[in-house]
Amino acid sequence: MKKVLYTLLLYIAVCSSNAVAGSKMDRYMFVADSLFANNEFEDAFRVYGLAMKEDINNPDVFLHAAKCAFILGHSPIAESYYSLCLQKGGKATDVISGISSSFCKDAGKDCLLSTLDVIAREHPKKEPDLLLVLARHFFSEKDYKSALHFARKCAPSDESCKILAISLFQTGDIDNAAPLFESINKNGADFDAAIFEGNLHLVNARNIINDCKDTIPKEAARNELMLAKFNLTKAYILRNSDYIKVQLREIDKLTNLISEPK
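Residues numbered from 1 in each chain as written. Predicted model: local features only at pLDDT ≥ 70, side-chain atom pairs only at ≥ 80, totals over all residues. Heavy atoms only, no water.

Considerations on the overall build of the protein
On a plain count of helices and strands, the protein comes out with 14 helices and zero strands. Mapped in sequence order, the helices and strands of the protein form the string α-α-α-α-α-α-α-α-α-α-α-α-α-α. Counting the 262 residues in the protein, one finds 44% classified as buried. Considering only contacts in the protein between residues 6 or more positions apart, those separated by 24 or more positions represent 49%. Element-wise, carbon and sulfur atoms account for 54% of the exposed surface of the protein, whose accessible area totals about 14,500 Å². (Helix = DSSP H or I, 4+ residues; strand = E, 2+ residues; numbered from the N terminus. Buried < 20%, exposed > 50% of the residue type's maximum accessible area, 1.4 Å probe, protein only. Contact = heavy atoms within 4.5 Å. Areas by Shrake-Rupley, 256 points an atom, 1.4 Å probe, with all protein chains shown as cover.)

Quick notes on the state of the cysteines
As enumerated under the stated definition, the model contains one disulfide in all. What pairs with Cys104 in a disulfide is Cys111, and their sulfur atoms sit 2.1 Å apart. Disulfide Cys104 to Cys111: torsion about the S-S bond roughly -85 degrees, handedness left-handed. Neither Cys104 nor Cys111 differs from the other in exposure class; each is buried. (Disulfide = S-S within 2.5 Å.)

Notes on the confidence of the model for the protein
Looking at the protein, pLDDT values average 88 and 88% of them are 70 or higher. Low pLDDT (under 50) marks residues 16–21, which in the prediction has six contacts with non-local residues, meaning those over four places away or in another chain. (pLDDT = per-residue confidence, 0-100.)

Details of the packing of helix H5 (residues 75–87) against helix H6 (residues 92–100)
Helix-helix packing: each pair is described by the crossing angle between the helix axes and the interaxial distance. Closest axis-to-axis distance for the H5/H6 pair is 9 Å, and the angle between their directions is 165 degrees. Judged by the angle between their axes, H5 and H6 are roughly antiparallel. Where H5 crosses over H6, the handedness of that crossing is right-handed. Residues Tyr82, Cys85 and Leu86 of H5 form the contact with H6, whose participating residues are Ala92, Val95, Gly98 and Ile99. Of the residues assigned to the contact of H5 with H6, the class counts are six nonpolar, one polar and no charged. (Axes fitted to C-alpha atoms, helices over the stretch in contact; angles between N-to-C directions. Parallel < 35°, antiparallel > 145°, perpendicular 65-115°, else oblique. Left-handed = near helix turned anticlockwise from the far one by under 90°. Nonpolar A, V, L, I, M, F, W, Y, C, P; charged D, E, K, R; others polar.)

Remarks on the nonpolar core
Judged by nonpolar contacts, the single largest core of 62 residues is most densely connected at Ile99, Leu116, Phe138 and Phe150. Phe138 has contacts with Ile96, Leu112, Leu113, Leu116, Asp143, Ser146, Ala147 and Phe150, leaving out every residue within four places of it along the chain. (Core = buried A, V, L, I, M, F, W, Y, C linked by side-chain atoms within 4.5 Å.)

Description of the pattern of salt bridges
Following the criterion strictly, the structure yields 11 salt bridges and no others. Between Asp117 and Lys153 there is a salt bridge, and its shortest N-O distance comes to 3.0 Å. On the criterion of sequence distance, the pair formed by Asp117 in helix H7 (residues 109–122) and Lys153 in the loop between helix H9 (144–151) and helix H10 (158–170) is long-range, its members being 36 residues apart. The partner of Asp242 in a salt bridge is Lys245, and the shortest N-O contact between them spans 4.0 Å. With a gap of three residues between them, Asp242 and Lys245 both fall in helix H14 (residues 242–259), about one helical turn apart. Residue Asp242 is classed as exposed on the basis of its relative accessible area, which comes to 59%. (Salt bridge = Lys/Arg side-chain N within 4 Å of Asp/Glu carboxyl O.)

A word on the environment of Arg27
In this structure, Arg27 sits in helix H2 (residues 24–37). A relative accessible area of 10% places Arg27 in the buried class. For the pair formed by Arg27 and Val47, sequence separation is 20 residues and the distance between their alpha carbons is 10.0 Å.

Observations concerning H14
With 18 residues, H14 should reach 26 Å at 1.5 Å per residue; the first-to-last C-alpha distance of 26 Å fits that figure. Measuring from the backbone nitrogen of Tyr243 back to the side-chain oxygen at the start of H14 gives 3.2 Å, which picks out Ser241 as the cap. (Expected span 1.5 Å × (residues − 1). Polar contact = N/O pair within 3.5 Å; in protein donor to acceptor, adjacent residues only side chain to side chain.)

What to know about unusual backbone geometry
Even without being glycine, Asn39 reaches a positive phi, approximately 65 degrees. Structurally, Asn39 can be placed in the loop between H2 and helix H3 (41–54). Given a relative accessible area of 55%, Asn39 falls into the exposed group. One non-glycine residue, Asp106, lies in positive phi territory at about 65 degrees. Position of Asp106 among the secondary structure elements: in the loop between H6 and H7.

Now the structure itself:
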């Protein structure tokens, strides 16, 4: 019965059929997915291979084949197929979901991150960089701890540097975020870098003024306020914000305060 099912479905894939319209690859995928749903995993795996030969650049083929390979116990092949899915432009969300339900079923985030590490390390591709794809995905999900995990391993680039800087800041590591934001801010017009530097200098000015109420080191405070205003104005030009308006008004008040004679 199983052999009959396999032969019948394969016949549908090879022949033109109103039931399964589309390319030959689409028909192979229909057959493979049907076999997979019927728990005919070995036959499904073979037909996924035929689909790959028809369209080697289709990420969905590799995604489905990876799930099948894992069930059959072919873990290295599953890893390589998940990697190829990403390399062919597949959604990181789909790959992560597949890994979570296979390699890391009933396991935590550490399993997911370590499995993705293996995939990126053992099945590398330069364009696009898998590590950057993964850092970008977790960053877009506001999972800054996981974004940081991959951003730290990325080749230096404008995007990876910004993901790293913001992720460090969001996870509380301001000391290491600061030089990255400073570098980004010097090299171009970037809202996040400008507002970070502006707020940092404003905090420095507040600390100087609050810690030395009787004898404020006015020159140091004035320099910090000047840098704060410069950067926050730059951020405001890039993106109008009521929050920045409030910060700029505070800078003016503090500047007037230290300019008043004692």
